[in-house]
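# Descriptive structure summary
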Amino acid sequence: MRKPIIAGNWKMHNTIGEARELIEALLPLIEKREREVIVCPSFVCLSEASKLLKGSDVTLGAQNMHYEDKGAYTGEVSPLFLKEIGVSYVILGHSERRHIFGEKDDLINNKVKSALKHGLNPILCVGETLKEREKDNTFEIIQTQIYGGLAGLENENLAKLVIAYEPVWAIGTGKTATKEDANEVIAYIRRLLSEKFGDEIGYNTRILYGGSVKPSNIKELMEMKEIDGALVGGASLKAEDFSKIANY
Ligand code: 13P
């Protein structure tokens, strides 16, 4: 059985003080359930968040990283820094990284490999734009992003891999993919994983949905057979909303 994951991507929100307030409000609201709850604050808040989360049922994630351990990469953050702080998950290839900062599949692939090498759990994000969906190119785009992001990986590395299907048109727009559409694309991703890495990886890899997940739609999404959790943006910034999603 795949253990569900509810992850909050705070994006570029919350100062250290605000992050502290949010975590302190959130922790008492999270009920003990058979699932993983993750928060992904900005880099500058990770250290404080790590201290506050110690001993709790909430795990720490980062929103990005560089693939090299160290070097002349001004402004970048190494996987070693994340490990030292106590980060367990790292979001990679988020659509905002792809579309605003120009990240391509080969760069994202290097990051995924590096995260796995360092024992971090990568959350590899994939998803089509509205134009691509309207042109009926969704499955082609997803295949390119999955094959590109996972190129050169071996089966035994992949136990820690998590994938998030986030259709770009559903992010921050209030438009959620229908549960059937999300389930269909996630089933397709699972088939791609099975074809490339074997049925065990295909079956066991956790695949999340992201895009305007709210307390009002989490239940129906989680009822779908292929959907193993959610990557939540806006609604993860309020303790009450995020806890309702995590406690669905
Ligand atoms: P929203 O939940 O705000 O649509 O954002 C989704 C997202 O991008 C999570 O990574």
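Keep in mind that what you see is a predicted model, and the values were worked out from it rather than measured.

### Section: unusual backbone geometry
Despite not being glycine, Lys11 shows a phi value in the positive range, around 55°. Of note, Lys11 is situated in the loop between strand S1 (5–9) and helix H1 (16–26). Given the relative accessible area of 19%, Lys11 is considered buried. With a phi close to 55°, Ser212 is a non-glycine residue in the positive phi region. As for its position among the elements, Ser212 is in the loop between strand S7 (206–210) and helix H10 (218–222). The class for Ser212 is buried, based on a relative accessible area of 14%.

### Describing the site of the ligand
Around the ligand, a shell composed of 13 residues is seen, among which Lys11, His94, Gly172, Ser212 and Gly234 lie nearest. A distance of 2.7 Å separates an oxygen atom of the ligand from a polar atom in the backbone of Ser212. Here Gly234 contributes a backbone N or O atom positioned 2.8 Å from an oxygen atom of the ligand. Calculation on the ligand without its partners gives an accessible area of 310 Å², and the protein chains cover 95% of this total. Mapping the ligand onto the cavity grids shows that it belongs to the second largest pocket. A per-class count over the shell around the ligand returns four nonpolar, seven polar and two charged.

Reading the values: the criteria
Residues numbered from 1 in each chain as written. Predicted model: local features only at pLDDT ≥ 70, side-chain atom pairs only at ≥ 80, totals over all residues. Heavy atoms only, no water. Helix = DSSP H or I, 4+ residues; strand = E, 2+ residues; numbered from the N terminus. Buried < 20%, exposed > 50% of the residue type's maximum accessible area, 1.4 Å probe, protein only. Near = heavy atom within 4 Å. Polar contact = N/O pair within 3.5 Å; in protein donor to acceptor, adjacent residues only side chain to side chain. Areas by Shrake-Rupley, 256 points an atom, 1.4 Å probe, with all protein chains shown as cover. 1 Å grid on protein atoms, 1.4 Å probe; cavity = no way out; pocket = protein on both sides within 12 Å on 5 of 7 lines; lining within 4 Å. Sits in = over half its atoms within 2 Å of the grid points. Nonpolar A, V, L, I, M, F, W, Y, C, P; charged D, E, K, R; others polar.

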